[in-house]
Amino acid sequence: MAKPDISVVRATDDDRYLATDQIVWFEEIPGASTSEQLLGVPADQRFAVEMADADPGAYAGIYGVRPMQLAVPAGPTGRARLVPCAGLTWVGVHPDHRRRGILTAMLRHHVEQTHREGVALSALHASEPAIYGRHGYGVTTPTYAVTLGRGTELRAPGLDAAAGEVRTRFETASETGMAERVRECDLRIAEGSPGVIVGDESFYSYIMQANGWPEQRRDKEPMRFLFAVRDGEEVGLAAFRRYHKWDNGRPQGRLEVLGLGGDPVTRLALLRRLLDFDLMASVELPRVGTDDPLWSWIGPRAADKVDVHENLWIRIIDLPEALPLRAYAEDCDVIVDVNDPAAPWQAGRWRIRVRDGAASAERTEDTADVELPVAALGSAYLGGTNLVAMHNAGLLDERRPGAIAELWRAFRTDLAPSPAMGF
Ligand SMILES: CC(=O)SCCNC(=O)CCNC(=O)[C@H](O)C(C)(C)COP(=O)(O)OP(=O)(O)OC[C@H]1O[C@@H](n2cnc3c(N)ncnc32)[C@H](O)[C@@H]1OP(=O)(O)O
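Residues numbered from 1 in each chain as written. Predicted model: local features only at pLDDT ≥ 70, side-chain atom pairs only at ≥ 80, totals over all residues.

### With respect to the overall build of the protein
For step 1, the next point in the chain: Helix and strand counts for the protein come out as 13 helices and 22 strands.
For step 2, the next point in the chain: Computed over the C-alpha atoms, the radius of gyration of the protein is 23 Å, within 12% of the 22 Å expected from 2.2 N^0.38 for a compact globule of 423 residues.
For step 3, the next point in the chain: Seen through its principal axes, the protein has C-alpha atoms that stretch 70 × 55 × 40 Å.
For step 4, the next point in the chain: Taking all 423 residues of the protein together, the buried fraction comes to 44%.
For step 5, the next point in the chain: Pairs at least 24 residues apart make up 75% of the contacts formed inside the protein by residues separated by at least 6 positions. (Helix = DSSP H or I, 4+ residues; strand = E, 2+ residues; numbered from the N terminus. Rg over C-alpha atoms; globule rule 2.2 N^0.38 Å. Buried ≥ 20, exposed ≤ 12 C-beta atoms within 10 Å, placed from the backbone. Contact = placed C-beta atoms within 7 Å.)

Given below as structure tokens:
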């Protein structure tokens, strides 16, 4: 069969764009207008595929970009700085047009468009793990969904006194000014949490607004927040909601944590409060990082349930711009041959040098020490995916013995990246 002619353009018809999303994700939100539902994906960041035989009420495929900031390693343990990042979202192909190369065309367009806009990194959360590796995205870190019983003891003798100084404040998403307040707090949290993502103002408005839509709410509690307050400042945050359950007249409620951020002291104070709500029997934490202090606080086998999944995927869009954005652990001088057919401007050989924590990448004709897919650099970018382990697994090609370990010792961080929120 001949390849269809696929052109990716800016989506100019908002209703058609939204209709495509609703067909793909089989949901409708009658209580919310089109513009409310599109809030957080700016008009110039909505893209669509036009096909001759497309349904006039929907596009053959769509995608959108949320302008986000990614917290990248900034030197001392756990410090981060925020850098621009294209948050790829709203990816969907109409069921009549799937498996004809539309996603492939849209991803190619996204990489080129992001490059044109001068943004060096793209990030996403994947609906299914098999989709994005072939498009140059690499998984940055695993995360764990952890269920704890109410009252689980958190042992942290070195932090107890400081955690006792933290006050918590209970709030609801519908309260005035919550979008700005939560974003402010997230920006502060990000400075100490490499790996987290912070959206723009409209994204936070979207979150608070969506919380009130009848279709989203159904019988659920509105989203609640616990702010951690220290010296009068909101320094940490938990978002959560509770669900009733009764068993033989006994309360067996479930508390779902939607997000939790802050330094270890504030997280300890927040978690202790979350583990102590009346009428609850369990607390579910959907995104716990590999090096989260929770593992030490609860000790072995204290969780009722642990599931693993991947967190953020990163694609490097512009290698010589992306590498200097973050700080590095050790010096290195390694020539990499980057395999990236979708981004010819960065495919090929680069000399990556790190001196005193700062990286540069320069074009070279010299023999490569390492050949790798661009996805491997995306995986390692936040310091959470071990390049030596990938090499051991047979996924990278080392030409100079020791070169991958040298590269990894520069990229690795003292602590694994923190999980990023969904977008
Ligand atoms: C960041 C986000 O927004 S994540 C959300 C992604 N969206 C969804 O999951 C919504 C439901 N799914 C869809 O809309 C579509 O099936 C998509 C977007 C996943 C794929 O779109 P398509 O246009 O069918 O993909 P396309 O034809 O370009 O496929 C490219 C390749 O990826 C493979 N592929 C595509 N989707 C999947 C999948 N879900 N699982 C495994 N492989 C997949 C195809 O088999 C194809 O492989 P091939 O080249 O070896 O034949």
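### Here's the deal with helix H3 (residues 102-116)
For step 1, the next point in the chain: For H3, which comprises 15 residues, the first-to-last C-alpha distance of 21 Å matches the rise-based estimate of 21 Å (1.5 Å per residue) to within 8%.
For step 2, the next point in the chain: By the burial criterion, the buried members of H3 are Ile102, Leu103, Ala105, Met106, Leu107, His110, Val111, Gln113 and Thr114.
For step 3, the next point in the chain: Check the buried side of H3 and you find it contacts strand E1 (7-10), strand E2 (46-50), strand E3 (61-73), strand E4 (80-93) and strand E5 (121-124).
For step 4, the next point in the chain: Positive backbone phi, at 80 degrees, marks Gly118, one or two positions downstream of H3. (Expected span 1.5 Å × (residues − 1).)

### Observations concerning the pairing of E2
For step 1, the next point in the chain: Of all 5 residues in E2, 4 are buried, a share of seventy percent or more.
For step 2, the next point in the chain: Sheet topology places E1 next to E2; 4 bridges connect them, and they run antiparallel. Within the sheet, the bridge partner assigned to Val9 lies in E2 and is Ala48. (Pairing = 2+ DSSP bridges.)

### Considerations on the UniProt feature "active site" (unreviewed entry) in the protein
For step 1, the next point in the chain: As annotated in UniProt, the feature "active site" (unreviewed entry) corresponds to Tyr132 and Phe423 in the numbering used here.
For step 2, the next point in the chain: With respect to the helices, strands and loops of the structure, Tyr132 is situated in the loop between E5 and strand E6 (138-139).
For step 3, the next point in the chain: A tally of 23 C-beta atoms within 10 Å means that Tyr132 is categorised as buried.
For step 4, the next point in the chain: Those residues in contact with Tyr132, other than ones at most four positions away along the chain, are Leu124, Ala126, Tyr137 and Trp313. (UniProt positions renumbered as here; feature names shortened; annotations may be inferred.)

### Quick notes on the site of the ligand
For step 1, the next point in the chain: The full set close to the ligand counts 20 residues, and Val91, Arg98, Leu103, Ser127 and Ala130 are the nearest of them.
For step 2, the next point in the chain: Breaking the shell around the ligand down by element, the ones donating at least two residues are E4 and H3.
For step 3, the next point in the chain: Counting residues per element, the shell around the ligand draws most heavily on E4, at 6 residues. (Near = placed C-beta within 6 Å.)

### Some words on the UniProt feature "binding site: acetyl-CoA" (unreviewed entry) in the protein
For step 1, the next point in the chain: Within the UniProt annotation, "binding site: acetyl-CoA" (unreviewed entry) is assigned to Val91, Gly92, Val93, Arg99, Arg100, Gly101, Ile102, Leu103, Thr104, Ser127 and Glu128.
For step 2, the next point in the chain: In this structure Val93 comes out as buried when scored by C-beta crowding, with 23 C-beta atoms within 10 Å.
For step 3, the next point in the chain: Setting aside residues no more than four positions away along its own chain, Val93 makes contact with Val24, Ala60, Gly61, Arg98, Ile102 and Leu103.
For step 4, the next point in the chain: Positionally, Arg100 belongs in the loop between E4 and H3.

### Quick word on the sheet that holds strand E16 (residues 305-310)
For step 1, the next point in the chain: The strand order across the open sheet built from 7 strands is E8-E10-E11-E14-E15-E7-E16, with neighbouring strands paired in mixed fashion. Where the open sheet ends on each side, the last strands, each with one partner, are strand E8 (167-172) and E16. Strand-to-strand twist in this sheet, taken as the mean axis angle between neighbours without regard to direction, amounts to 25 degrees.
For step 2, the next point in the chain: The pairing of strand E10 (residues 224-230) with strand E11 (residues 233-243) spans 7 bridges and is classified as antiparallel. The residue of E11 that forms the bridge with Ala228 is Gly236.
For step 3, the next point in the chain: Helix H5 (residues 178-190) rests against E8, E10, E11 and strand E14 (253-261) of the sheet, and its axis sits at about 120 degrees to E11.
For step 4, the next point in the chain: Strand contacts of helix H8 (residues 264-274): E8, E10, E11, E14 and strand E15 (280-289), with the helix running at about 25 degrees to E11, the strand carrying the most contacts. (Axes fitted to C-alpha atoms, helices over the stretch in contact; angles between N-to-C directions.)

### Regarding the domain arrangement of the protein
For step 1, the next point in the chain: We note that the domain assignment places domain 1 (7-140), domain 2 (143-174 + 211-306) and domain 3 (319-411) within the protein.
For step 2, the next point in the chain: A separation of 27 Å is found between the C-alpha centroids of domain 1 and domain 3.
For step 3, the next point in the chain: Contacts between the two partners involve 17 residues from domain 1, matched on the other side by 20 residues from domain 3.
For step 4, the next point in the chain: Elements supplying a minimum of two residues to the side of domain 1 that touches domain 3: E3, H3 and E6. (Domains from an automatic or database assignment.)

### Description of the nonpolar core
For step 1, the next point in the chain: Counting 124 residues, the largest nonpolar core has Met106, Leu121, Ala123, Ala238 and Leu407 as the members making the most contacts within it.
For step 2, the next point in the chain: Not counting chain neighbours up to four residues away, the residues in contact with Leu407 comprise Cys332, Val334, Ile352, Val370 and Leu387. (Core = buried A, V, L, I, M, F, W, Y, C linked by C-beta atoms within 7 Å.)

### Topic: the packing of H5 against helix H6 (residues 201-210)
For step 1, the next point in the chain: Relative orientation of the contacting elements H5 and H6 amounts to 120 degrees, with a least axis distance of 8 Å. Looking at the two axes, H5 sits oblique to H6. Two packed elements cross with a definite hand, and for H5 against H6 that hand is right-handed. In this structure, H5 uses Met178, Ala179, Val182 and Arg183 to contact H6, whose residues at the interface are Glu201, Tyr204, Ser205 and Met208.
For step 2, the next point in the chain: Among the residues forming the contact of H5 with H6, the class breakdown is 5 nonpolar, 1 polar and 2 charged. (Parallel < 35°, antiparallel > 145°, perpendicular 65-115°, else oblique. Left-handed = near helix turned anticlockwise from the far one by under 90°. Nonpolar A, V, L, I, M, F, W, Y, C, P; charged D, E, K, R; others polar.)

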